[in-house]
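Summary of the model geometry
Chain residues, written in single-letter form:
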Amino acid sequence: MVKKVTKDRFHAEKKILEDLMDSKVETTEDLYDILKYVTSPDESLRVFGDNSEDVTQNAILNKCFEAQNMLHSIMENERARLYAEAPNIQMKAVAEQDLKNHFKILKNEILGSIIEGVSSLGLIAIKLSLENFKLMFRKIQDASVRAHYSIEANSEMASIMQTWVWSLDHIVSQIRFIRGDLQSLEALSSSKLMALIDILRNNQGCSTIIFVKTKFSAETINDILKEYSYSDPSLAGTSSDFAVSPGAKVNPRHPDPVIRQRNIELINEDRRKLQTTLANFKSSQHPTNTLVSTNVVEEGLDVRSCNLVIKFDFPDNFRSYVQSKGRARARPSHYILMVSEAERGKLEKKYNEYLAMEELSLRECHK
């Protein structure tokens, strides 16, 4: 409901909608009827151990942290210069926004994503994704020539990133990975990733959704699953794809008309990709049986055949817990939350809070 109406008016509008859609609308007045549609998958926590110390991993992380700190220093110096020298407030605001956007992309979407990937997924993440990040960096630099802050600051950030690329190229080139060699693939996978692979090995034939927090995780885990399906006969039947919000972190209202048009095209392309991905996952022919997704499909995706939902990243709140669990539509089905050994106590407490809130909600439904 988006406005207040009388009860009689509501039921009249409801009847019109039912006739138009050849359907039956059930509302919160019909809680007993709704409960028969609520799935109750078997729930469990999957605990994974901490990663052992790795010299190569630490070298990559240190290079990323070092580059982030240097970029931050340049950004702060340029902001101070803009406040002191910009001829007018409007120009200062535009230049500062360009500077912040450029810095955030380099710091979070490139360096931050690699930190996240190596820490959470293992060295296989950087081995498979470094070339994509190098391409992203080149595109960002090409676009940044239109920025309104100083060329000197732009060049300094580019120089830092180029040095970082050379360093990581050298480090990653030393990582041994042979496509099709399961042993080398497992050696580069984190304990969390191996726990996920173990779950999938023990649930072959399931229609599976794996929920993650970030676009990078969704894309990279999908790439890794393709490597495992190629290398591991027990996962040969896994056909994966990923789903993310169309145009995530893309501004369709950018003040620069060239960038704005490019961003709109990117969003439309992402929308078409998402529609195709979801259609393949929902298809009875099952061209895709494993979907790695951000919360874009937590609400509203109805796949009756989905019988396994894995929360790779623990839900931040009760809403996410309920909505992600609700994607396990088939009977019987399983809902698995992944928990690190280091955070087990804290997350088990949060999980029990979610269970208590859910029980309270169901009791309210029965009243």
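Scroll up to find the structure this text is about.
**Topic: the packing of helix 8 (residues 191-201) against helix 9 (residues 215-231)**
One can describe the packing of helix 8 onto helix 9 by two numbers: an axis separation of 12 Å at closest approach and a directional angle of 55°. As the angle between them shows, helix 8 and helix 9 are arranged oblique. Crossing geometry of helix 8 relative to helix 9 is assigned as right-handed. Residue-level contacts link Leu193, Met194, Leu196, Ile197, Leu200 and Arg201 of helix 8 to Ile221, Ile224, Leu225 and Tyr228 of helix 9.

**Considering the packing of aromatic side chains**
All chains considered together, the criterion is met by 7 aromatic pairs. On the numbers, 6.2 Å between centres and 45° between planes, the contact of Phe318 with Tyr354 is tilted. One end of the pair, Phe318, is in helix 11 (residues 318-325); the other, Tyr354, is in helix 12 (residues 344-366), and 36 residues separate them in sequence. Residue Tyr354 is classed as buried on the basis of its relative accessible area of 4%. Put simply, the rings of Phe314, Phe318, Tyr321, Tyr335, Tyr351 and Tyr354 touch in pairs and so form one group of aromatic residues. Note that Lys192 overlies the ring of Phe312, its terminal NZ or CZ placed 4.2 Å from the centroid. Directly above the aromatic system of Phe242 lies the positively charged group of Lys273, at a separation of 4.4 Å from the ring centroid.

**Topic: a nonpolar patch on the surface**
A surface patch of nonpolar side chains, about 340 Å² in accessible area, is lined by Leu17, Leu20 and Met21. With respect to the helices and strands, Leu20 occurs in helix 1 (residues 7-21). With a relative accessible area of 67%, Leu20 lands in the exposed category.

**As for the pattern of salt bridges**
Under the criterion given, the structure shown has 23 salt bridges. One salt bridge in this structure joins Arg344 and Glu348, with 3.1 Å as the shortest N-O distance. With Arg344 and Glu348 both in helix 12 and 4 residues apart, this pair spans about one turn of that helix. Judged by relative accessible area, which is 33%, Arg344 ranks as partly exposed. Linked through salt bridges whose partners overlap, the residues forming this network are Glu76, Arg79, Glu96 and Lys100.

**Section: helix 9**
Counting along an α-helix, one turn takes 3.6 residues, and residues three or four places apart therefore face a common direction. Taking 1.5 Å as the rise per residue, helix 9 with 17 residues should run 24 Å; its terminal C-alpha atoms sit 25 Å apart, in good agreement. Counting buried residues in helix 9 gives 12 out of 17 residues, a clear majority hidden from the surface. Looking only at helix 9, the buried set comprises Phe216, Ser217, Ala218, Thr220, Ile221, Asn222, Ile224, Leu225, Glu227, Tyr228, Ser229 and Ser231.

**Some thoughts on the nonpolar core**
Ranked by size, the top nonpolar core spans 65 residues in total, and within it Ile60, Ile114, Ile126, Trp164, Leu196 and Ile210 carry the most contacts. Of all the elements in the fold, those that place two or more residues in this core are helix 3 (55-85), helix 4 (89-121), helix 5 (123-144), helix 6 (151-173), helix 8, helix 9, strand 5 (308-311) and strand 6 (334-340). Ignoring any residue separated from it by four or fewer positions in sequence, one finds Ile60 in contact with Ile114, Val118, Leu123, Ile126, Leu168 and Ile171. One finds Phe211, Cys306, Ala328 and Val339 within the second-largest nonpolar core, a separate group that totals 21 residues.

The rules behind the values
- Residues numbered from 1 in each chain as written.
- Predicted model: local features only at pLDDT ≥ 70, side-chain atom pairs only at ≥ 80, totals over all residues.
- Heavy atoms only, no water.
- Axes fitted to C-alpha atoms, helices over the stretch in contact; angles between N-to-C directions.
- Helix = DSSP H or I, 4+ residues; strand = E, 2+ residues; numbered from the N terminus.
- Parallel < 35°, antiparallel > 145°, perpendicular 65-115°, else oblique.
- Left-handed = near helix turned anticlockwise from the far one by under 90°.
- Contact = heavy atoms within 4.5 Å.
- Phe/Tyr/Trp six-rings, centres within 6.5 Å; stacked < 30°, edge-to-face > 60°.
- Buried < 20%, exposed > 50% of the residue type's maximum accessible area, 1.4 Å probe, protein only.
- Lys NZ or Arg CZ within 6 Å of the ring centre and 35° of its normal.
- Patch = residues over 30% accessible without salt bridge, like charges linked within 9 Å, V, L, I, M, F, W, Y side chains within 5 Å.
- Areas by Shrake-Rupley, 256 points an atom, 1.4 Å probe, with all protein chains shown as cover.
- Salt bridge = Lys/Arg side-chain N within 4 Å of Asp/Glu carboxyl O.
- Expected span 1.5 Å × (residues − 1).
- Core = buried A, V, L, I, M, F, W, Y, C linked by side-chain atoms within 4.5 Å.

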